[in-house]
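# Descriptive analysis of the structure
What follows is each chain in one-letter form.
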Amino acid sequence: MTRSRLRRAAPALALGALTLLAFWPVLRAGYPSLGDGLIHYYRLVEFVHLLRHGVLFPRWAPDLAYGFGYPLFNYYPPLTYYLGALLNLLGLSLANSLLGVYAVAWLLAVTGAYAAARARWGATAGFLAAAAYGLSPYLYFNALARGALPETLGLGLLPWALWAFGRLGLFPSLPSQRRRVSVAGLLFAALALTHFLTAFLALPLLLLAALWPAEQALPPVRARLGAAGRALLLGLGLSAYFLLPAVLETGAVQVHQLTAPSDLDFRNNFLALGQLLAWPQTYDPRLVFHVVAPSLSLAALALAILGLALGAWRARRLEGATLAFTAALLGYAALTLPFTTSLWTLVPVASIIQFPWRLVGPASLVLALLAGRGWAACPNRLPTLRPGLLVAALAALYVTALTWSFAPASYAPATATVRDLTTYETTSGQLGTTSTGEFLPAAVQTLPPADALRAAYAVADVIARLSQLPPGVTLTSQQAGLTHLSAQVIAAAPATLTFDLFAYPGWRAAVDGQPAPLTAAEGTGLATVVVPAGAHTVTLTFALTPLRTGAVALSLLTVLALAVVAVRSWRARAAPAAAVQPAAAPMPLAAYGAIAVTALALLGVRVAVIEGRDTLFSHSLFDGAAVAGVARPLDVNFGDQLVLLGHDPAALTLPADGALVLTLYWRAQTVPAADYAASVQVWDAAGNLWAQSDSQHPGR
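Here goes a summary of the coordinates provided. Because the structure is predicted, anything quoted here is derived from the model rather than measured.

## Describing the sheet that holds strand 11 (residues 663-668)
Reading across from one edge, 9-10-11 is the order of the three strands in this open sheet, with antiparallel pairing throughout. Edge positions in the open sheet fall to strand 9 (632-638) and strand 11, since each of these has one partner strand only. Direction aside, neighbouring strands of the sheet carry axes that sit 20 degrees apart on average. Where strand 10 (residues 642-648) lies against strand 11, six bridges are found, and the strand directions are antiparallel. Residue pairing for strand 11: L642 is matched across the bridge by A668.

## Brief notes about the packing of aromatic side chains
In this structure the tally under the stated criterion is 27 aromatic pairs. Among the aromatic residues, those joined into a cluster by ring pairs are F47, F73, Y76, Y81 and Y82. For R43, the ring lying beneath its charged end belongs to Y76, and the centroid distance is 4.2 Å. A cation sits over an aromatic face here: R606 above F406, 4.7 Å from the ring centre.

## What about the pattern of salt bridges?
Evaluated as defined, the whole model comprises six salt bridges. Between R146 and E151 there is a salt bridge; the shortest N-O distance is 2.8 Å. For E249, the salt bridge identified is with R548, shortest N-O distance 3.0 Å. Remark: R548 occurs in helix 22 (residues 546-571) and E249 occurs in the loop between helix 12 (240-248) and helix 13 (273-276); sequence separation between them is 299 residues. According to the relative accessible area criterion, E249 is buried, its value standing at 9%. The exposure class of R548 is buried, given its relative accessible area of 0%. Taken together, the salt bridges that share partners define one network made up of R28, R606 and E611.

## Focus: the pairing of strand 4 (residues 507-511)
In terms of burial, strand 4 is largely enclosed, as four of its five residues are buried. As paired elements, strand 4 and strand 8 (residues 534-542) share five bridges and run antiparallel to each other. For A509, the partnering residue across the bridge sits in strand 8 and is L540. Bridge count between strand 4 and strand 5 (residues 514-516): three bridges; the pairing is antiparallel. Within the sheet, the bridge partner assigned to A509 lies in strand 5 and is A516. What sits between strand 4 and strand 5 in their antiparallel hairpin is a turn of two residues, with D512 showing a positive phi close to 55 degrees.

Rules behind the numbers
- Residues numbered from 1 in each chain as written.
- Predicted model: local features only at pLDDT ≥ 70, side-chain atom pairs only at ≥ 80, totals over all residues.
- Heavy atoms only, no water.
- Pairing = 2+ DSSP bridges.
- Helix = DSSP H or I, 4+ residues; strand = E, 2+ residues; numbered from the N terminus.
- Axes fitted to C-alpha atoms, helices over the stretch in contact; angles between N-to-C directions.
- Phe/Tyr/Trp six-rings, centres within 6.5 Å; stacked < 30°, edge-to-face > 60°.
- Lys NZ or Arg CZ within 6 Å of the ring centre and 35° of its normal.
- Salt bridge = Lys/Arg side-chain N within 4 Å of Asp/Glu carboxyl O.
- Buried < 20%, exposed > 50% of the residue type's maximum accessible area, 1.4 Å probe, protein only.

Here's what the structure looks like:
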């Protein structure tokens, strides 16, 4: 390879090494099945099933909610599952397809942070930002503790959206401005269709990036805001086919259930300052519930503070972009703390956000950019020391995030089909693969038996929906389908047919080809159709509602407008440019090598020295018989099934009306052969739920 080719390939090789270093813990764990991990696995089972049967834009999931149907994909963004389905159709297993989505998320996060920081402060700052973001504790917390796949992918897309919005204010008079607006709009649409809450929470950050694109002569504020506004409108238009029904059709489901449990109330999910800025805690691999905090990186924070101090000292001032990002970091961080509760109560969608600590995600990206800015502020007087300082900075970022990157032993679920969905719902309690069944149609007040359709699914994975007939009605034949089904009946007198399907807007009925009313049975919410006496063909079809039709039309019009802009921009490519954006100065070739070698060396140390061994980073207090350091050791045997080993603190007295915070240490005497689920709830003296933890683990 010639030197010129090596120089062109060097950034990609260094970024690849950083991505492998950052993603290795998730790859090593296999498909993360803790937290919401299995939820996304079984959602993908249903999504792939729908795609394989020709439903290319799923809204209705016919096999969820015990097989009676659930409008999950009308409310939950689909892009994560499209990507997982694509990988599955290319030959990967379902579990490996979702692991592949995590890999894409980390690749986007690392390269996006690099692009966003490089455009402002140079290539070296870009690499530090890439490392700080790819190794951020919150990304590991999301993937390994929560199993929050869509949010992780959204956080991967976020730096690319930030990069695109940061280019909107540059040279708005050039023909390329249309292309930049198009790219920013496409990325915002992708973000909204991946995890809408991340897109919503990142809006202030994207606007700041557009207002302060770089340190140079800027166009008027109105022009910068106008470009950002056009990009946001474009993104909203492209995603309108999903967003409008998801927002405006919430009255058709029981979304109020989402905030019923107190552990999902945003008031109970603020962070203490010690959690937001948590020191690394030794990982205990023998703990069933290993609690980690959604924290910011202390090493990235130190680099950012150093950069701000050096920048202010050297230049006597900080440029607008640095000040804006610093303000964004402080704002995001403050909103995770309980003293901002009164501000959250003013936000109409606070109850949907649920966890104020979600803001640690965009805050981690801002902190990573400021860490890169910190390097750019370092003086160049000692060039021989800079490679060593760069290696030290990368090592510090890695070491301070290391304990967040461990997780309990995971397992890839066996290949599942839609016939397994009801079993998962009943054993996990996750009806419809959601926490509270919040997308059940509003008319459903009493759920049917969980095994009501089990016999039908034992015969086929696409089941017929007319199983119980009223007196005087004979079924001659019926055809099963996912979004279209029909039945031929003979009725001796007018009768009401009840289908094994929840009624929901979009389902339409026809009798002998003529529209007929479709109503919800009282209590059960099942779809019912009245037929007159005689022989009739009854069809049920899931179609677009007027709102969904308008939303799809809006997205199609936006696609058409985007195509027109693309054609006009392509024709204008040859026009001479009035100015060009100055390119960031390249790094020395040796610096790229130092980054790649450092990343691979750190990975080698982890594999050879840390993984599977007792170290400062991973060590268990349990030696098989007792827990070291427990405040009150015990040995209480419960039926030779569980042994209580002790608890912290030692004293069990507390003031009246006070909350008892108690850590119990248990040992299982026998391990069940099947999977088991555990739920722990702690109640205070007033009868309020103080804390809850749910988990599912393999019995082996």
